[in-house]
Structures are given as structure tokens and as C-alpha cells.
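Inside the fold
Given next are the chains, with one letter for each unit.
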Amino acid sequence: MKDIILTGDRPTGKLHLGHYVGSLKSRLELQAKGGYENFYIMLADAQALTDNFGNVQKVKDNVVQVMLDYLAVGLDPNKVTFFIQSEVSELTEFTFYYMNLVTLARLERNPTVKEELKSKEFKNNIPMGFLTYPVSQTADITAFNATIVPVGDDQLPMIEQAREVVRSFNNLYGETLVEPKAVLPKDENCYRLVGIDGKAKMSKSLGNCIYLSDEPEEIKAKVFSMYTDPDHVHVEDPGKIEGNVVFTYLDVFSKPEDFEKYLPEYKNMDELKAHYKRGGLGDMKIKKFLNNIMQDLIKPIRERRKELEKDTDKIFDILRDGTKKAREVAFKNLIKLKTNMGINYFN
Ligand code: TRP
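Computed from a predicted structure; not experimentally measured.

Cut-offs used in this document
- Numbering of residues starts from 1 in every chain and runs along the sequence as written.
- It should be noted that, the model being predicted, local features are given only for residues of pLDDT at least 70 and side-chain atom pairs only at 80 or more, the latter also being counted only at that level, while totals for whole chains, interfaces and linings use all residues.
- Side-chain numbers here rest on the full set of heavy atoms in the structure, without hydrogens or water.
- Starting at the N terminus, helices and strands are each numbered in turn, a helix being any DSSP run of H or I of at least four residues and a strand any DSSP run of E of at least two.
- Think of it in three bands: residues with accessible area under 20% of the maximum for their type are buried, residues over 50% are exposed, and the middle band is partly exposed, with areas taken using a 1.4 Å probe on protein chains only.
- Polar contact is defined as a pair of N or O atoms within 3.5 Å, subject to the rule that within protein one atom must be able to donate a hydrogen and the other to accept it, and that residues adjacent in sequence are counted only when both atoms are side-chain atoms.
- In this entry, domain limits derive from an automatic or database-based domain assignment.
- Residues are treated as being in contact if the distance between any of their heavy atoms lies within 4.5 Å.
- Using a 1.4 Å probe, buried area is obtained as the accessible area two parts lose upon being combined, added over both of them.
- Any carboxyl oxygen of Asp or Glu that lies within 4 Å of a side-chain nitrogen of Lys or Arg is treated as forming a salt bridge with it.
- Whether a residue is near a molecule or strand is decided by its heavy atoms; if any one of them lies within 4 Å of it, the residue is near.
- Here, Shrake-Rupley sampling with a 1.4 Å probe gives the accessible areas, and only protein chains in the shown set may cover a residue.
- A pair of strands is considered paired only if DSSP assigns at least 2 bridges between the two.
- With the strands pointing away from the viewer, any crossover whose connection runs clockwise from the first strand over the helix to the second is right-handed.
- Two rings belonging to Phe, Tyr or Trp (six-membered ring only in the last case) form a pair when the distance between their centres is within 6.5 Å. Interplanar angles under 30 degrees mark stacking, angles over 60 mark edge-to-face geometry, and anything in between is tilted.
- Here, a charge over a ring means that NZ of Lys or CZ of Arg falls within 6 Å of the ring centre while also lying within 35 degrees of the ring normal.

Considering the side chain of Thr 176
You can see Thr 176 is positioned in the loop between helix 9 (156-173) and strand 5 (181-183). Residue Thr 176 is classed as buried on the basis of its relative accessible area, which comes to 7%. Among the polar contacts listed, one links the side chain of Thr 176 to the side chain of Asn 340, at a separation of 2.9 Å.

Right, here's the structure in full:
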């Protein structure tokens, strides 16, 4: 059986390097590998509204921004179906039936929801829409019979909860839904790329991001402001690698040929790290090296993005086509779901 792949993002801002290594890269690999039945990427605007309900325009604007990022990194509308969540109204119907299969206590225990609640100001007034978004995410996945969901590790509790709903549903109403599997990035450093401040994962709200659309000067300034080892004051001091953001990024982004090109006096990361630990290697040098690598990575993305920006009508055409296709599939699967539940009245 061929795989059906589905994933998505909340359109609340432009995409950054954390998105790139945490999910865009594995999407590109899946796209290149091919052989799947269908590959859906959803702009989760309705989910974004669960904590941006007062800011619809921001979400709408970012639907276009995120699409630009998708296309700029090389996701291909001929191989991927892009669609807008709120335009597939069947998804809310799936959600409504699944709500009966999930308890309030289970939602409150969902680690991702718990984590997110900490950073919100909801206090005792948690909106139902926010608390129940894992159920709606289950709908997103199962409405298309997705077998594979490529995500970052922060989304694992969502997939786990979706699998539980699938099992409960199938137990009650007979084999109907498919249990999805999460696909994580290969390299653990990519699960949650640390921010340039070294404090936590790269995130817009923390202001520690390098965006895929950043200009050369912004990239450079960010790389040169990166957290390294605060005890590495003089070049000759021994330096620490652990927690040193420049080395974390070099581990994630550097390729063997980068050494030849930009730092020929070292053969590889091991040599570079050994010198840094021993002392005698300054932060400026490793930052310059990383800056070159970052510039090479982001330049083609930024340039392609600027081209695409000139014709946003085309972006909407892609979304219109994809959404139409997604709706047809979701509708068909909704009829099947309701039929298996026994709530079809007129046929
Ligand atoms: N929760 C995801 C995010 O925070 C977005 C999302 C919504 C999603 N529905 C999905 C991801 C279904 C994978 C599958 O970005």
C-alpha cells in the first residue's frame, strides 16, 4: 500500500531555520523519493486562530508568507497538494464526532498543550477551541487517511493522541480510520534547533530566529551575535563545545566541502572542535565560517522567494486547486465515516 503523507504549519509567521531542519528538509526528501499516493501540506489557519482569534488578518497574511517559504525551498505543487484548512469545512465535522472519543482530562494531559498553555495568558479562561485543537488535528490527519506525518518532535503527542482516537473509533464503529505514523528528522540536533541565543528552541516569540527570507546583513549580524562559550574570553583559552550554538549549527549545517572552500586549514569538524577545546581558536573565526555556510544555504531560497513574491495570484491559484482536491477527498472520507457510524439517513 502506498503512503499518504500529510503535514502542515500554523501560518503565524515566516518560516525559519528551525522549520527548515525540523520539517521542511524531511518533506523535501519525501517529495524527492516519490512513490507515495498523495502528499498534502496544509496551511493550518483554523488551528492558528485557536490562539490568534483576535488577529485574523495576521493569520491570513501569513498563509501567503508560509506558501512563499514552501515554494522557495523547493516544495513542488506538481508533487504536493497545498490546501487551506478553513476552506475544507468537512474537517470541522470530523472534529465534532471525535470530540466524543476524547476526555477533557486527556486533553489537559497532552504535553504539547500543557507546554503551550504555560506561555499563554489564558489563566482559568482557556478557550475550548484551543484546548481541543489536538482533536481537530486528528481530523486533519484522518480525513485524508494519512499514514505518514512528518513533524518535529514537539508534535509527537499530537500524533499519539490521533492514534488513540483512531483506535477508539475503529473499536466502536469497525475498521474505518488509519493509524498515522510520525516521521522525525534523522539528526537529533534538528528536532528542536536551538535559537541563536542558545536558550531554547528557535521560535518567533523568543526573537532568536534566522529566517529563510533574511537578508545577507541580517544573517551576518545574527551569526556574529550567537551564544558561544562565555568562559572563552581570550583566543588562547580552552573553549566548550557543548551548548555552544556556533558548533551546534556547524554540526547541523556544515558539509565536508565547506571546509575545503572556506576553512582549508582544517579537514573536518573533529579537527575544528579539538582545536577549540584545546585553546587558540577564536570565536570570530568559527563565526565567519558559519556565516559563509548560512549565506550559501539561504541565498537561493531568498532569491527564489523574491521571484515568487512578484506573482501572488499564482500562489492563490495553487491553493485553490489544492483545496478543491483536498475537499473532494475529505468529503468522500466523511461520508464513509458517517456511514460506518450509522448516521446516514437518506441513502
Ligand atoms: N500543529 C501543527 C503546528 O503547530 C500544525 C498542524 C495542524 C499539523 N494540523 C496538522 C501538523 C496535521 C501535522 C498534521 O505547526
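After that view, the rundown keeps rolling.
A closer look at the domain arrangement of the chain
Splitting the chain by domain gives domain 1 (4-192 + 312-341) and domain 2 (216-306). One C-alpha centre belongs to domain 1, the other to domain 2; they are set 35 Å apart. Listed as interface residues are 13 residues of domain 1 and, on the opposing side, 11 residues of domain 2. The contact between domain 1 and domain 2 buries some 980 Å² in all, and 64% of this surface belongs to carbon and sulfur atoms. Counting the contacts that link domain 1 with domain 2 gives 1 salt bridge. Across the pair Arg 305 and Asp 69 runs a salt bridge whose closest N-O atoms are separated by 2.7 Å. Viewed at the interface, domain 2 and domain 1 are joined by 3 residue pairs in polar contact (both at pLDDT 80 or more). Secondary structure elements with two or more residues in the side of domain 1 that touches domain 2: helix 1 (17-33), helix 3 (56-73) and helix 10 (188-191).

Observations concerning the site of the ligand
Met 42, Gln 47, Gln 137, Asp 140 and Gln 155 are the nearest of the 14 residues found near the ligand. Take Gln 137: an N or O atom from its side chain is 3.0 Å from a nitrogen atom of the ligand. The separation between a nitrogen atom of the ligand and a polar side-chain atom of Asp 140 is 2.8 Å. Here the ligand loses 91% of its free accessible area of 360 Å² to cover by the protein chains. Secondary structure elements with two or more residues in the shell around the ligand: strand 1 (4-9) and helix 8 (133-142).

Points about unusual backbone geometry
Within the chain, Lys 123 stands out as a residue other than glycine whose phi angle is a positive 50°. Inspection of the secondary structure assignment puts Lys 123 in the loop between helix 6 (111-118) and helix 7 (128-131). Located in the positive-phi region is Asn 145, a residue other than glycine, with phi close to 55°. Mapped onto the elements, Asn 145 comes out in the loop between helix 8 and strand 4 (148-150).

Considerations on the pattern of salt bridges
Per the stated rule, a full pass over the model turns up 29 salt bridges. A salt bridge links Asp 231 to Lys 240; its shortest N-O distance comes to 3.8 Å. Beyond isolated ion pairs, a larger network of salt bridges with shared partners links Arg 10, Asp 51, Glu 116 and Lys 120.

Remarks on the pairing of strand 1
For strand 1, the tally of buried residues reaches 5 of 6 residues, placing the bulk of the element in the interior. In terms of strand pairing, strand 1 meets strand 2 (residues 38-43) through 6 bridges, oriented parallel. Opposite Ile 5, over in strand 2, you have Phe 39 as the bridge partner. In this fold, the crossover linking strand 1 to strand 2 by way of helix 1 has right-handed handedness.

Topic: the packing of aromatic side chains
Evaluation of the coordinates by the stated rule reveals 15 aromatic pairs. Taking the centre distance of 5.8 Å and the plane angle of 50° together, the rings of Tyr 249 and Phe 253 count as tilted. Taken together, the positions of Tyr 249 and Phe 253, both in helix 12 (residues 245-253) and 4 residues apart, correspond to about one turn of that helix. Here Tyr 249 and Phe 253 have matching classes, each one buried. The structure contains a cluster of three or more aromatic residues connected by ring pairs, namely Phe 94, Tyr 98, Phe 169 and Tyr 173. We note Arg 10 situated over the ring of Tyr 133; from NZ or CZ to the ring centre the distance is 4.6 Å.

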